[in-house]
Amino acid sequence: MSLLSIDHVSKAFGSHNVLSDISLTFEEGKIYGLLGRNGAGKSTLLNIITDRIFANSGEVHMDSENVADNDSKLGMMYLMSEVDLYNDGDKLTKIMKDTELLYGGFDHELAESLATKFGLDLNQKFGKLSTGYNSIFKLIVALSVPAKFILLDEPVLGLDANHRELFYSELIQTFSDRPRTFIISTHLIEEVANIVSDVVMIDMGHVLLDQSVESILTKNHSVVGPSEEVDQYTNGLNVIGSEQMSNLKTNYVFGNLNDDRPIPDTVQVGSFDLQKLFIFLTNIQGNGGSY
Ligand SMILES: Nc1ncnc2c1ncn2[C@@H]1O[C@H](COP(=O)(O)OP(=O)(O)OP(=O)(O)O)[C@@H](O)[C@H]1O
């Protein structure tokens, strides 16, 4: 099992600190959602991991080896991003063959089957693809390379709803056929909530949250009822957000409830989703902490 570890990585552009002392570990065989608000530094982090840009300090290791300038380790990672690395004049079939040479393998059968499902003609030239099909082709390449760590930066940019659904179901299929690690940076939290096994949230240059979805969902509690009772019941708990509708209040708690405290009859406790958690945690001003 390979491990990808980000050790104390910091990055600034001029005087703008984008990443401050980030440390994370990505394990093999998991699907990570990398979440953060616009400009949080997600793309910067993915580019540093794959050695496309340099960190000001800190290192990225795969299985304890520094990946910088390390072709064998970099060959175990593939980054799909908005940036086009291919020549406009090249046919898609040629790009696939070139990728095979670079990565020492390529699942042509999978690529052809995905191309058929997405309605993509592989005999076209790369530069002729529409925005959506440009993303689709790069996704097909990402799923077909033999890399152990596949990093997808906004993978469904420009894809219509049907193609996004198709992509998510193909991602799950290929993951179950050949488990490897996916790190998916996206703003479409609701769409990936059922796919990712782990979530990393970055905010203001720091890791805000780094937990499994399973563990997160056990900590998300919505407490609804008359304002006074709700506030009384959640007093001292980690309330990360509130909503009020006339006399009915909802307090959103991230963390343990107090088992010693009886829930009043007028109060109902339920759960809430990942997107709400993201909004509340990233809205807390000056939240430099981590959960
Ligand atoms: N080459 C660069 N030169 C100067 N600033 C940069 C450069 N690349 C990124 N930045 C800045 O770094 C910050 C983080 O950018 P990044 O693209 O990593 O964020 P992101 O989380 O991927 O954002 P989004 O979700 O909006 O795509 C932004 O403020 C951006 O303007």
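Residues numbered from 1 in each chain as written. Predicted model: local features only at pLDDT ≥ 70, side-chain atom pairs only at ≥ 80, totals over all residues.

(A) Representation of the domain arrangement of the protein chain. By the assigned domains, the protein chain splits into domain 1 (3–203) and domain 2 (216–283). The C-alpha-based centres of domain 1 and domain 2 are spaced at 36 Å. Contacts between domain 1 and domain 2 engage eight residues on the former and seven residues on the latter. Considering each element in turn, the side of domain 1 that touches domain 2 owes the most residues, three residues, to strand E9 (residues 198–203). Classifying every residue of the side of domain 1 that touches domain 2 by side-chain character gives five nonpolar, no polar and three charged. (Domains from an automatic or database assignment. Contact = placed C-beta atoms within 7 Å. Helix = DSSP H or I, 4+ residues; strand = E, 2+ residues; numbered from the N terminus. Nonpolar A, V, L, I, M, F, W, Y, C, P; charged D, E, K, R; others polar.)

(B) The arrangement of the environment of Ile95 in detail. Tracing the backbone through its elements, the reader meets Ile95 in helix H3 (residues 92–103). Overall, Ile95 belongs to the partly exposed group, with 19 C-beta atoms counted inside 10 Å. Each C-alpha atom of the pair Ile95 and Leu85 lies 10.0 Å from the other, and the pair is ten residues apart in sequence. The residues contacting Ile95, other than those within four sequence positions of it, are Tyr86, Asp90 and Phe126. (Buried ≥ 20, exposed ≤ 12 C-beta atoms within 10 Å, placed from the backbone.)

(C) How the structure looks around the site of the ligand. Taken together, the neighbourhood of the ligand is formed by Phe13, Val18, Gly36, Asn38, Gly39, Ala40, Gly41, Lys42, Ser43 and Thr44. Its residues placed into classes, the shell around the ligand shows three nonpolar, six polar and one charged. (Near = placed C-beta within 6 Å.)

(D) Representation of the sheet that holds strand E13 (residues 248–254) within the structure. The antiparallel open sheet is built from four strands, whose spatial order is E12-E13-E11-E14. Both outer strands of the open sheet, strand E12 (239–245) and strand E14 (268–270), are each paired with one neighbouring strand and no more. Here the average twist between neighbouring strands, direction ignored, is 20°. Sheet strands in contact with helix H9 (residues 227–234) are strand E11 (220–226), E12 and E13, and its direction is about 145° off that of E11. (Pairing = 2+ DSSP bridges. Axes fitted to C-alpha atoms, helices over the stretch in contact; angles between N-to-C directions.)

(E) Structural context of the sheet that holds strand E2 (residues 16–27). Reading across the sheet, the four strands line up as E2-E1-E4-E5 and stay open at both edges, with antiparallel pairing between neighbours. Here the strands that pair on one side only, and so sit at the sheet edges, are E2 and strand E5 (65–66). With five bridges joining them, strand E1 (residues 3–13) and strand E4 (residues 57–62) adopt antiparallel strand pairing. By the bridge assignment for E4, Ile6 is matched with Val60.

(F) Structural context of the packing of helix H4 (residues 108–118) against helix H6 (residues 161–177). Contact geometry for H4 and H6: axes closest at 11 Å, N-to-C directions at 155°. In terms of orientation, H4 and H6 fall into the roughly antiparallel class. Here H4 and H6 pass one another in a crossing that is right-handed. Residues Leu110, Leu114, Lys117 and Phe118 of H4 lie in contact with H6, whose contacting residues are His163, Leu166, Glu170 and Thr174. Looking at the contact of H4 with H6 residue by residue, the class counts come to four nonpolar, two polar and two charged. (Parallel < 35°, antiparallel > 145°, perpendicular 65-115°, else oblique. Left-handed = near helix turned anticlockwise from the far one by under 90°.)

(G) Geometry of the environment of Ile136. Mapped onto the secondary structure, Ile136 falls in helix H5 (residues 131–144). Along the primary structure Ile136 and Thr266 are separated by 130 residues, whereas in three dimensions their C-alpha atoms are 50 Å apart.

(H) Representation of the packing of H4 against H5 in the model. Orientation of H4 relative to H5, taken along the N-to-C sense of each, is 150°, at an axis distance of 9 Å. By the angle between their axes, H4 is roughly antiparallel relative to H5. Where H4 crosses over H5, the handedness of that crossing is right-handed. The segment H4 lies against H5, with Leu110, Ala111, Leu114, Ala115 and Phe118 engaging Ile136, Ile140, Leu143 and Ser144. Residues of the contact of H4 with H5, tallied by class, amount to eight nonpolar, one polar and no charged.

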